[in-house]
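Structure assessment
Here is how the chains run, residue by residue.
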Amino acid sequence: EVQLVESGGGLVQPGRSLKLSCAASGFTFSNYYMAWVRQAPKKGLEWVATISTSGSRTYYPDSVKGRFTISRDNAKSSLYLQMNSLKSEDTATYYCASLLYNWFAYWGQGTLVTVSS
Amino acid sequence: DVLMTQTPVSLPVSLGGQVSISCRSSQSLVHSDGNTYLHWYLQKPGQSPQLLIYRVSNRFSGVPDRFSGSGSGTDFTLKISRVEPEDLGVYYCLQSTHFPLTFGSGTKLEIK
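Read on for a plain summary of the structure. (Residues numbered from 1 in each chain as written. Chains lettered and ligands numbered in written order. Predicted model: local features only at pLDDT ≥ 70, side-chain atom pairs only at ≥ 80, totals over all residues. Heavy atoms only, no water.)

1. Some thoughts on the nonpolar core
Counting 44 residues, the largest nonpolar core has Phe-104 and Trp-107 of chain A together with Leu-38, Tyr-91, Phe-103 and Leu-109 of chain B as its most contacted members. Leave out the neighbours within four places in its chain, and Phe-104 of chain A touches Ala-35, Val-37, Trp-47, Ala-97, Ser-98 and Leu-99 of chain A together with Tyr-41, Leu-51, Leu-94, Leu-101 and Phe-103 of chain B. Of all hydrophobic cores here, the second largest spans 26 residues; its members include Val-12, Leu-20, Ala-49 and Leu-86 of chain A. (Core = buried A, V, L, I, M, F, W, Y, C linked by side-chain atoms within 4.5 Å. Buried < 20%, exposed > 50% of the residue type's maximum accessible area, 1.4 Å probe, protein only. Contact = heavy atoms within 4.5 Å.)

Right under this line is the structure:
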């Protein structure tokens with residue numbers, strides 16, 4: 001059974017940094033592209049970042065490009081999201097997801113990030 | 001960015017009934033490889049989204065055949081027949097043909 005478990009969320013002040021983690025199990029992690037998707041409170045879904053199997057290629061929307069960095073450790077079956085220069089509009093539940101080709105197949109339960117002073 | 005417009009926003013339904021959800025894109029979702037990358041998700045209350053349909057009409061593993069997807073180009077539909085209580089929640093479409101990937105704003109399926 002595929003399991004994705006996010007951690008690292010919490011309350012952080014604007015302008016500060018936070019790093020999210022996602023522990024994967026139940027599948028061969030190194031064979032799959034991975035991604036982060038977020039959902040602001042009571043709002044819709046927004047794609048945040050995607051990373052290739054080796055980690056050599058990463059993709060971001062303009063809303064987070066230059067501030068967020070996605071990375072992975074295939075030896076640990078783990079995915080990460082380093083978030084810098086956080087803004088109030090980054091407040092959301094962040095989901096880790098595995099990709100089937102270029103769409104999200106399995107999702108974690110999410111971790112809440114609140115950016116507030 | 002590709003704008004994904006879902007209608008209706010809210011969809012009251014009687015259990016056992018049939019409903020359709022529309023998703024329209026601001027540009028064609030036909031990829032240069034010939035595939036159309038339009039997918040459907042359901043987010044049940046308090047849960048993370050789950051994949052229902054991928055590439056317009058393919059049911060994901062474990063998804064009952066009450067769910068069907070259709071469409072082409074810029075106009076897509078998700079149909080749910082014999083609605084059951086477990087089908088309630090918010091449905092989202094996603095396009096992954098173009099960067100950035102974009103979702104529709106959601107359709108809430110609720111009991112009439």
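Still more ground to cover, so stick around.
2. Things to note about the sheet that holds strand β3 (residues 19-25) of chain B
Residue and element names in this part refer to chain B. One open sheet holds the four strands; their spatial order is β1-β3-β8-β7, and the pairing between them is antiparallel. The open sheet is flanked by β1 (4-7) and β7 (67-72), the only strands paired with a single partner. In this sheet, neighbouring strand axes are inclined to one another by 20° on average, regardless of whether the strands run parallel or antiparallel. Pairing of β3 with strand β8 (residues 75-80) involves six bridges; the strand directions are antiparallel. Following the sheet pairing, Cys-23 is matched in β8 by Phe-76. (Pairing = 2+ DSSP bridges. Helix = DSSP H or I, 4+ residues; strand = E, 2+ residues; numbered from the N terminus. Axes fitted to C-alpha atoms, helices over the stretch in contact; angles between N-to-C directions.)

3. Describing the interface of chain A and chain B
If you look at the interface, chain A gives 20 residues, while chain B gives 19 residues. When residues of chain A are sorted by the area they lose upon contact with chain B, Leu-45, Trp-47 and Trp-103 of chain A head the list and together hold 37% of the total. The interface formed by chain A and chain B contains zero salt bridges. In this assembly, chain A and chain B are joined by six residue pairs in polar contact (both at pLDDT 80 or more). When residues of the side of chain A that touches chain B are traced back to their parent elements, those giving at least two are β4 (34-39), β5 (45-51), β9 (92-100) and β10 (103-107) of chain A. Considering every element that reaches the side of chain A that touches chain B, the biggest residue donor is β10 of chain A, with five residues. (Buried area = accessible area lost by both parts, 1.4 Å probe. Salt bridge = Lys/Arg side-chain N within 4 Å of Asp/Glu carboxyl O. Polar contact = N/O pair within 3.5 Å; in protein donor to acceptor, adjacent residues only side chain to side chain.)

4. Topic: the environment of Val-30 of chain B
Residue and element names in this part refer to chain B. Its location among the elements puts Val-30 in the loop between β3 and β4 (38-43). Using a relative accessible area of 42% as the deciding quantity, one classes Val-30 as partly exposed. Separated by 67 residues in the primary sequence, Val-30 and Thr-97 place their C-alpha atoms 7.0 Å from one another. Sequence-distant contacts of Val-30, that is, excluding residues within four places in its chain, are made with Asn-35, Thr-36, Gly-73 and Thr-97.

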